[in-house]
Amino acid sequence: MKKFIIATVLAGISVAASAAETVRFATEASYPPFEFIGADNKIQGFDIDLANALCKEIQADCTFANQAFDSLIPGLKFKRYDAVISGMDITPEREKQVLFTQPYYDNSALFITQKDKVADVAALKGKRVGVQNGTTHQKYLLDKHPEITAVPYDSYQNSILDLKNGRIDAVFGDTAVVNEWLKQNTALASLGDKVADQGYFGSGLGIAVRQQNTELQGKFNAALEKIKQDGTYQTIYQKWFQQ
Ligand code: ARG
């Protein structure tokens, strides 16, 4: 009798586990339109819609946690979550630590300043430029523009506030995000030239999973392929990027 009860309980557990796999995502949610906290206090954006579409495809439940950008990869390695989607560039350096899916978005970077204050990137010499800690933008500025002072921020939102208040002279971020800030702040302007150095900004944005988790990487890649073919990807893209 006892044995029978245990067997039944175990069977119940395994059925429940296979029916509802949960994929715990982490992101840094102050980066519209990729991810941000909406009016309802929930994380939303292009990345979130994309992740939800992929989870639907692989029949998993998704959860999203908001974390500091520079803690995303360490937290993934510590198994605090299963995947990272955060406007994250696929770079050779990060690929030493995590596995990425196929690129899901072509990326580039732009400087944003107060209107009519800075003529071009050369004029940023000796000036203060805000970048988020742990980003490709920060590394690029430090390596390629030692003549510019890179000012580190935990969130891009705070760097934009400082730019508006004149505490810094520019912010360096992803093109789609800069375009979003421009829409929201008419006193700001971009410097025009996009930076697309592959050595720093990699081969597009990807979803990161742990190095051993080829299974989840494979599932996401297949699901990405599928939602590109059936038009779901295009619908999500248009919702967030059609200017
Ligand atoms: N694309 C840049 C990188 O991969 C910045 C991403 C910042 N993302 C964010 N959600 N704050 O480093």
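- By the naming in an unreviewed UniProt entry, the chain goes by Arginine ABC transporter substrate-binding protein and is assigned to Chania multitudinisentens RB-25.
- Recorded under Sequence similarities (unreviewed entry), the UniProt text for the chain is reproduced unchanged: "Belongs to the bacterial solute-binding protein 3 family."

### Observations concerning the site of the ligand
Next, step 1: Close to the ligand lie 15 residues; Glu28, Gly87, Arg94, Gln132 and Asp174 are nearest.
Next, step 2: Residue Asp89 places a main-chain N or O atom 2.9 Å away from an oxygen atom belonging to the ligand.
Next, step 3: Between the ligand and the protein, one listed contact pairs an oxygen atom with a backbone N or O atom of Thr136 at 2.8 Å.
Next, step 4: Starting from 350 Å² of accessible surface for the ligand in isolation, the protein chains cover 100%.
Next, step 5: Partitioning the shell around the ligand into residue classes produces 3 nonpolar, 7 polar and 5 charged.
Next, step 6: Domain assignment of the residues forming the shell around the ligand places at least three in each of domain 1 (22–105 + 203–242) and domain 2 (109–195).

### Some words on the sheet that holds strand 12 (residues 188–190)
Next, step 1: If you trace the 5 strands from one edge of the open sheet to the other, you get 10-9-11-8-12, paired in mixed fashion. Looking at which strands have only one partner, the edges of the open sheet turn out to be strand 10 (149–153) and strand 12. Direction aside, neighbouring strands of the sheet carry axes that sit 35° apart on average.
Next, step 2: As judged from the 3 bridges shared by strand 8 (residues 109–114) and strand 12, these two strands associate in the antiparallel manner. Looking at strand 12, one finds that Ile112 is bridged to Ser190.
Next, step 3: Here helix 6 (residues 156–165) sits on the sheet in contact with strand 8, strand 9 (128–132), strand 10, strand 11 (170–174) and strand 12, set at roughly 150° to strand 11.

### What about the environment of Thr113?
Next, step 1: Structurally, Thr113 is set in strand 8.
Next, step 2: Through-space distance from the C-alpha of Thr113 to that of Arg24 is 36 Å; in sequence the pair is 89 residues apart.
Next, step 3: Those residues in contact with Thr113 that sit more than four places away from it in its chain are Val118, Leu163, Asp169, Ala170, Ala187, Leu188, Ala189 and Leu191.

About the thresholds
Residues numbered from 1 in each chain as written. Predicted model: local features only at pLDDT ≥ 70, side-chain atom pairs only at ≥ 80, totals over all residues. Heavy atoms only, no water. UniProt positions renumbered as here; feature names shortened; annotations may be inferred. Near = heavy atom within 4 Å. Polar contact = N/O pair within 3.5 Å; in protein donor to acceptor, adjacent residues only side chain to side chain. Areas by Shrake-Rupley, 256 points an atom, 1.4 Å probe, with all protein chains shown as cover. Nonpolar A, V, L, I, M, F, W, Y, C, P; charged D, E, K, R; others polar. Domains from an automatic or database assignment. Pairing = 2+ DSSP bridges. Helix = DSSP H or I, 4+ residues; strand = E, 2+ residues; numbered from the N terminus. Axes fitted to C-alpha atoms, helices over the stretch in contact; angles between N-to-C directions. Contact = heavy atoms within 4.5 Å.

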